Amino acid sequence: MFELKLFDKINIERIDSPEGRKYKVPSGELYPSVTTLLSSHGKEKLDKWRKSVGEDKANRISTKARIRGTAVHNICEKYLLGEDYTTNTMPFNLSEFNKLKPLLDSNVNPIYGIEHKLYSHILKAAGTCDLLCKWKGVNSVVDFKTSRYVKKEKDIENYFIQATSYCIMAQELYNIAFTQIVILMVVDHEEPLIFCKRRNDYIDKVKSVFITNRG
């Protein structure tokens, strides 16, 4: 069982629109989501991929990936909360999660937030963090990802930027430093990948995307 030391949740309203996801923060301001702001960072590479496979196939792959990613997130959330995560779960998703489970058991404790909404007046952005916890004793932002194939660090810079932005938000809201980012990636028919990084390694990237070169 995990020790739950959950932070008080802040009243943040999520608003989905054709222009992208936004969050209404307690001050009344509407901030774009982290993922919306990051969508233009690395867009050239994504556009090149979509062109290479064709729009129809790209849409099918993206939709399937989104559904699977949501399923894995839901399994992780239920497991961490000590809830039943096996009922009505697709066997493949459960099988892949079971590869991830030992990593959670051996590295996570205590837990401060699960699917926790965060925002920052400094970054003027908001988002939902998968997991706030201690990972191997270090305050960390942990993000769950899924992939059809093994990826390298150079392929997932946006994931590191996303997790670092959540570190900044958590510290701004709760006055507690989160100095580590952990990306846990479930890969089809492969062992999970772990990318563990220092938050400070990506601070400059966050400033560039969210402040200096913000579109």
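Here, the structure is the one placed above.
Here the structure is a predicted model, which is why all the values come from computation and not from measurement. (Residues numbered from 1 in each chain as written. Predicted model: local features only at pLDDT ≥ 70, side-chain atom pairs only at ≥ 80, totals over all residues. Heavy atoms only, no water.)

**Overview of the state of the cysteines**
Chemically, a disulfide is nothing more than a covalent bond linking the sulfur atoms of two cysteines.
Here is step 1: On inspection of all chains with the given rule, the structure shows 0 disulfides.
Here is step 2: Free of any disulfide, Cys-167 has its nearest neighbouring cysteine sulfur in Cys-129, separated by 7.8 Å.
Here is step 3: Relative accessible area serves as the criterion here: at 0%, Cys-167 is assigned to the buried category. (Disulfide = S-S within 2.5 Å. Buried < 20%, exposed > 50% of the residue type's maximum accessible area, 1.4 Å probe, protein only.)

**Details of the nonpolar core**
Here is step 1: In terms of nonpolar packing, the biggest core is built from 34 residues, with Leu-132 and Phe-210 touching the most fellow members.
Here is step 2: Broken down by secondary-structure element, the contributors of at least two residues to this core are α1 (34–38), β4 (108–120), β5 (125–135), α5 (157–174), β7 (180–187), β8 (193–198) and α6 (203–212).
Here is step 3: Take this core: its biggest share by element is 10 residues, from α5.
Here is step 4: Sequence-distant contacts of Phe-210, that is, excluding residues within four places in its chain, are made with Val-34, Leu-37, Leu-123, Ala-125, Ile-161 and Ser-165.
Here is step 5: Core analysis: the next-biggest nonpolar cluster, separate from the first, contains 23 residues, Val-72, Ile-111, Trp-135 and Phe-144 among them. (Core = buried A, V, L, I, M, F, W, Y, C linked by side-chain atoms within 4.5 Å. Helix = DSSP H or I, 4+ residues; strand = E, 2+ residues; numbered from the N terminus. Contact = heavy atoms within 4.5 Å.)

**Observations regarding the packing of α5 against α6**
Here is step 1: Interhelical geometry of α5 versus α6 gives an angle of 90° and a closest axis separation of 9 Å. On the basis of their axis angle, the class for α5 and α6 is roughly perpendicular. Listed contacts from α6 to Glu-157, Ile-161, Thr-164, Ser-165 and Ile-168 of α5 are Ile-203, Lys-205, Val-206, Val-209 and Phe-210.
Here is step 2: When grouped by side-chain class, the residues that make up the contact of α5 with α6 number 6 nonpolar, 2 polar and 2 charged. (Axes fitted to C-alpha atoms, helices over the stretch in contact; angles between N-to-C directions. Parallel < 35°, antiparallel > 145°, perpendicular 65-115°, else oblique. Nonpolar A, V, L, I, M, F, W, Y, C, P; charged D, E, K, R; others polar.)

**So, the side chain of Gln-162**
Here is step 1: Residue placement: Gln-162 occurs in helix α5.
Here is step 2: Setting aside its immediate chain neighbours within four residues, Gln-162 contacts Val-34, Thr-35, Leu-38, Asp-143 and Lys-145.

**Comments concerning the environment of Asp-143**
Here is step 1: Mapping Asp-143 onto the fold places it in strand β6 (residues 138–147).
Here is step 2: With relative accessibility at 3%, the residue Asp-143 sits in the buried group.

**Notes on the pairing of β5**
Here is step 1: By the criterion of burial, β5 is predominantly enclosed, with 10 of the 11 residues buried.
Here is step 2: Summarising the sheet, β4 and β5 pair through 9 bridges and their orientation is antiparallel. Bridging from a neighbouring strand, Gly-113 pairs with Leu-132 of β5.
Here is step 3: Bridge count for β5 against β6 is 5 bridges, and the pairing is antiparallel. Each residue of the ladder has a partner; that of Leu-132, found in β6, is Val-141.
Here is step 4: The antiparallel hairpin formed by β5 and β6 contains 2 residues in its connecting segment, where Lys-136 sits at a positive phi of about 55°. (Pairing = 2+ DSSP bridges.)

Without other data, these values stay purely geometric and don't point to any function.
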